[in-house]
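# Notes for the structure review
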Amino acid sequence: AQSVAQPEDQVNVAEGNPLTVKCTYSVSGNPYLFWYVQYPNRGLQFLLKYITGDNLVKGSYGFEAEFNKSQTSFHLKKPSALVSDSALYFCAVRDPTTGNTPLVFGKGTRLSVIA
Amino acid sequence: NAGVTQTPKFQVLKTGQSMTLQCAQDMNHNSMYWYRQDPGMGLRLIYYSASEGTTDKGEVPNGYNVSRLNKREFSLRLESAAPSQTSVYFCASSEGVRTDTQYFGPGTRLTVL
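Quick look at the structure, then. (Residues numbered from 1 in each chain as written. Chains lettered and ligands numbered in written order. Predicted model: local features only at pLDDT ≥ 70, side-chain atom pairs only at ≥ 80, totals over all residues. Heavy atoms only, no water.)

## A short note on the environment of A:K78
All names here are of chain A. Within the element layout of this structure, K78 appears in strand β9 (residues 73-78). Note: C-alpha distance between K78 and T24 (54 residues apart in sequence) is 18 Å. Excluding its chain neighbours within four sequence positions, the residues that come into contact with K78 are P18, L19, Y61, G62, F63 and D85. At 3.1 Å, the side chain of K78 and the backbone oxygen of Y61 are in polar contact. (Helix = DSSP H or I, 4+ residues; strand = E, 2+ residues; numbered from the N terminus. Contact = heavy atoms within 4.5 Å. Polar contact = N/O pair within 3.5 Å; in protein donor to acceptor, adjacent residues only side chain to side chain.)

## A word on the sheet that holds strand β8 (residues 74-78) of chain B
All names here are of chain B. Taken in spatial order, the 4 strands make up an open sheet running β1-β3-β8-β7, and their pairing is antiparallel. Of all strands in the sheet, those with a lone pairing partner are β1 (4-7) and β7 (64-68), marking the two edges. Ignoring which end each strand starts from, the neighbouring axes of this sheet average 20° apart. Bridge analysis of β7 against β8 gives 5 bridges, and the strand direction is antiparallel. Across the sheet, the residue bridging to V66 is L76, located in β8. (Pairing = 2+ DSSP bridges. Axes fitted to C-alpha atoms, helices over the stretch in contact; angles between N-to-C directions.)

## Considerations on the packing of aromatic side chains
Across all of its chains, the model carries 15 aromatic pairs over all chains by this definition. Ring centres of A:F34 and A:F46 lie 6.5 Å apart, and the angle between their planes is 65°; this geometry places the pair in the edge-to-face category. Of this pair, A:F34 sits in strand β5 (residues 32-38) while A:F46 sits in strand β6 (residues 44-50), placing them 12 residues apart in sequence. Residue classification places A:F46 among the partly exposed residues on the basis of a relative accessible area of 26%. Ring centres of A:Y36 and B:F104 lie 5.7 Å apart, and the angle between their planes is 75°; this geometry places the pair in the edge-to-face category. Taken together, the residues A:Y36 in strand β5 and B:F104 in strand β10 (residues 103-104) connect one chain to another. (Phe/Tyr/Trp six-rings, centres within 6.5 Å; stacked < 30°, edge-to-face > 60°. Buried < 20%, exposed > 50% of the residue type's maximum accessible area, 1.4 Å probe, protein only.)

## A look at the side chain of B:T108
All names here are of chain B. Looking at the element boundaries, T108 is found in strand β11 (residues 108-112). A polar contact of 2.5 Å, which involves the side chain of T108, links it to the backbone oxygen of P8. In this view, T108 contacts Q6, T7, P8, K9, L21, S87, V88 and Y89; residues no more than four positions away in its chain are not counted.

Now the structure itself:
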């Protein structure tokens, strides 16, 4: 079975500081991993994904994530946080050995960037 | 392109009433999904349609039915609404289920009294 965990409900960071939003996963094979962002009263927006290849994935709005197979993690990072990055962030995973089953989403992490 | 559109944006129902949430996409995607979002529970899959003509249950299908009307449209029906179905409902679409990015609609906020 596939699962994903976001261990922090809330992350607070000062504007200009680096930010990290954590994600760990559990799958049988090599995972497909995604990050989405949700701004207030909006639907989810795609940020980045890892399917195969380079472990460091760059995405929208200056975000990046590193796939770490040994630690089964896919943490989202940004070198310098902006107040406008404040939002709800979701990690999602798919186990490609499970046929046509879709993504499983984590419970989300609320990021607050303080000016 | 409008992307994924959902109607209505807001709805209030009484317990036992029925309603249909509509979703349409103009990206020629094969796969479509219905999720519900509740505080502290994240995003949970209700039903999905991997391709036109197929539908499958997700994590929380009880109390819901779906129809993939054509390639563009995927509706979600509540036959007899219950307060536990108070939630925000999101529709999404993707080219395929396996590796493709999902694109989300703006959501429908449903309250069942």
